[in-house]
Structures are given as structure tokens and as C-alpha cells.
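Spelled out, the chains give:
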Amino acid sequence: MRGYSPKLQVSFDAYQVAPQGRILRTVDLRNVIAILPGRSPRRVYVSGHYDTVARAGGQGAANASGAPRDPDAPAPPPADPNAPLDNLAPGVNDDGSGTALTIELARVFSQSGIDFDATLVFMCHAGEEQGLVGARLHAQKAVAEKIPIEAVFNNDIVGNDKGGNGIVDGATIRVYAEGPEDSPSRELARFIQRWGGRYVPSHRVRPMARPDRFGRGGDHSAYNQLGFTAVGFRESRENFTRQHDVRDTFEGISLPYLTQNARVNAAAAATLALAPPPPVVVSERGQPMITRAPSGYDANLKWNASPGAVAYRIFWREAWGADWQHDLLVGNVTTAVLPNTQIDDFVFGVAAIDAGGHESFVTAYVSPARANTAIRTAGSQQ
Ligand SMILES: [Zn+2]
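Here the structure is a predicted model, which means the values were calculated and not measured.

S.K.: Looking at this structure, I do not really get the overall build of the chain. What am I missing?
M.R.: A count of helical and extended segments in the chain gives 6 helices and 15 strands. Against the globule reference of 21 Å for 382 residues, the chain gives a C-alpha radius of gyration of 23 Å, in line with a compact fold. Expressed as lengths along the three principal axes of its C-alpha atoms, the size of the chain is roughly 75 × 70 × 45 Å. When burial is assessed residue by residue, the chain has 51% of its 382 residues classed as buried. A sequence separation of at least 24 residues applies to 77% of the contacts in the chain between residues at least 6 apart. Split by element, the accessible area of the chain, about 18,800 Å² in all, is 55% carbon and sulfur. Computed over 37 positive and 39 negative side-chain charges, the separation of the two mean positions in the chain equals 2 Å.

Written out as C-alpha cells, the structure reads:
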């Protein structure tokens, strides 16, 4: 990546990891990080993982066994710690595909000549198969050093379009996003669907309202668990017999399909990095700035101005629904009133737009969860 552009700052994001789980001795772990500085420090990540694993039977045998698995359970140590760890593990799809996509976008973005507002980060994680180790370490560092990560586009197993059951789908990609319903990660998935669809209409984004596939995990979850906005791209039809297996080779890859997935990532990441940051819609006390004023039956929305925004778009949908149904472009204002629109019946959100028309993802107005209040009964001691 150093050869792509002098603008790209390429280095190792290095750690020493103590023995734990499948890690049997102190090891040096190096994520590979390429930073394309923007006008602001807020960061948009595109990532994959460059480590891989192969074990007897691979993922196909693990799935067929029917054994349930907790993706957050610590990995068990190997039965024989002295067994040689040199079995053939090509890892072309898991996750050579996501790594290649990340490196290619580092090339395209750093050579584009485009001046982005956000700082773009192209990250090849290590140690994913040992428990998201490289991603967790970087996310921990981001918390400790207050690095403003706005979004993570994690790509893991995005290169194969032929399911192991014979079903072929080279025209769609899944994007997994943790809840709850209007979490920033869900808004990021809706954003990728909207802007991926705008620029790459031949490829359909399928948002998935869950953290990941059943019993499976990926690096985006390491960021989610520390409070960051992150989603996971996954091919639509997996071939499990080619995962975690010596058969994860180039024969199991469709380069046209991987290219389409790279285009969707590029369209959404570029739009997000060009746009202003998403508006803040809560007060300093964390309350959503939405009321029924002035009539008592209106939807009255307020938000804080986003740096660089020249207009805003408000969105709404019925409170029982996944996708935004209505939107309205409003000017360079920080309040909007929809008369006679009951705020109890709809979800509302707002996005910031720059002079070039680039839109942020939507920030939704969400009621904070309420704590339980215990009621004492007469005669009780407490
Ligand atoms: Zn993987």
C-alpha cells in the first residue's frame, strides 16, 4: 500500500499479546493500517482480516454436526499444544477477499485526487480467527485514545457467489447490523443500502437486522462491543465446505462478484467520508430533541448543526417498519415542524448534506430505555 500514494500513511498497529485462549505464548500481533487523512479527524474504516485458519473438516463439518456454538465463548486451547501449526490454510475467501477489497479501495481512494472530509482508514486486521484479537486491541486503543471512529465497514467472506447447496447469487450482498432498531449501526446499514443502490444499481444490498450469522462472528462485533458503529459485509450464498478448510482456494472465488462488493463499499464509504458528520439530535442531558409543539399534535424536530452542512433531510416511517418511507429536504436550518403528525406513530431522523449533495447517515430520535422502579409493599422491611 505504501506504493500507492505518498498521501497514504501505512504502518503496523502493533501489540504484544499475552497467552490466552488459542494463543499459547506471548506473540507479536500486527494489524496493517493505512490512513488517508481528511479535513477532519473523524474516521471511516474499511476492513478485512489477513489471518486465516484451517482445521479437519472445516466449517462444512462443523455446520453438519448440528452442534450449537456461542461465538463469544473463548476459543479452547488445542488438544496437543506441541502439534505443528503448519497445516495448509490458503484462506482465499476467508478473508483474502475482504483483505483484497480493503487494499484495492486504499489504492483507488488514495489515487482519486478527491479531498475527503473524513479521514479514511484501510485496516487489515490480524488474529480474527483467534477471537477478533486484532480488532479488539485496536478498538480498545480507540476508546483509550478517544479516536473518533464514525463507522466501520468490515468485509469478511465476500468473494464467493455459489452456495454449497448449489444456489447461485452474484447480484446481492448481506450487511449485518446489530440492534436495537434505530442504533447507529442499523442507520449505517440503511445508508449503505441507499447509497450503494444509488451508485451500483446492479447490485442489491440486503441489510440484516442482527449482529451476524448464527453462531458466527466477525471483527465488526469487536467494535460494536466497545460502542462503535460497525457493520459486517457477508456474501449472500456461502459455501461452508470451502471455509476454514484447505479448499478455501481461488476456485471458490468469483472476481466479478468481489468487484461488485468492492464498488458498493466504495460508493457508501466515499459518500459518508465526503458528507458532513451525522447530526446530533439529543440534548446535553441525552434527551431526544423532539416535541409535539406548537399545537400539541405536531412533530417538532430539533438538531445541532453539523460542521460543513448546507442543508438537512428529515426522514420518517411508521413505527412498525424497517425502512424509511418518507423524506423531506429542508434548508440550512436546525429545526423542522410537520403539522398534525403524531410523534408517537412514526420514527423520525435527520441527515446532514454538504454543498455537493453528499448526505450523512441518518440520526434517529430514540426514546431512552427506562429503568425499573421497584414499588414497596405495606409492611415490608425495605
Ligand atoms: Zn473471516
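S.K.: Could you clarify how one ought to interpret the pairing of strand 7 (residues 204-208) in this entry?
M.R.: The side chains of a regular strand alternate between both faces of the sheet. Here strand 6 (residues 172-176) runs beside strand 7; their pairing, made up of 5 bridges, is parallel. Following the sheet pairing, T172 is matched in strand 7 by R204. Traced from strand 6 through helix 4 (residues 184-199) to strand 7, the parallel crossover comes out right-handed.

S.K.: Got a minute to help me understand the packing of helix 4 against helix 6 (residues 255-274) in this structure?
M.R.: When two helices pack together, their arrangement is given by the angle between the helix axes and the distance between those axes. In contact at an axis separation of 8 Å, helix 4 and helix 6 are set at 110° when each is read in the N-to-C sense. By the angle between their axes, helix 4 is roughly perpendicular relative to helix 6. Our pair here, helix 4 against helix 6, has a crossing hand that is right-handed. Across from L188, F191, I192, W195, G196 and Y199 in helix 4, the residues of helix 6 making contact are V264, A267, A268, T271 and L272.

Rules used throughout
- Residues numbered from 1 in each chain as written.
- Predicted model: local features only at pLDDT ≥ 70, side-chain atom pairs only at ≥ 80, totals over all residues.
- Heavy atoms only, no water.
- Helix = DSSP H or I, 4+ residues; strand = E, 2+ residues; numbered from the N terminus.
- Rg over C-alpha atoms; globule rule 2.2 N^0.38 Å.
- Buried < 20%, exposed > 50% of the residue type's maximum accessible area, 1.4 Å probe, protein only.
- Contact = heavy atoms within 4.5 Å.
- Areas by Shrake-Rupley, 256 points an atom, 1.4 Å probe, with all protein chains shown as cover.
- Lys, Arg positive; Asp, Glu negative; His and termini not counted.
- Charge placed at Lys NZ, Arg CZ, Asp CG, Glu CD.
- Pairing = 2+ DSSP bridges.
- Right-handed = clockwise from strand over helix to strand, strands pointing away.
- Axes fitted to C-alpha atoms, helices over the stretch in contact; angles between N-to-C directions.
- Parallel < 35°, antiparallel > 145°, perpendicular 65-115°, else oblique.
- Left-handed = near helix turned anticlockwise from the far one by under 90°.

Everything listed here is a matter of coordinates, which is why it stays silent on function.
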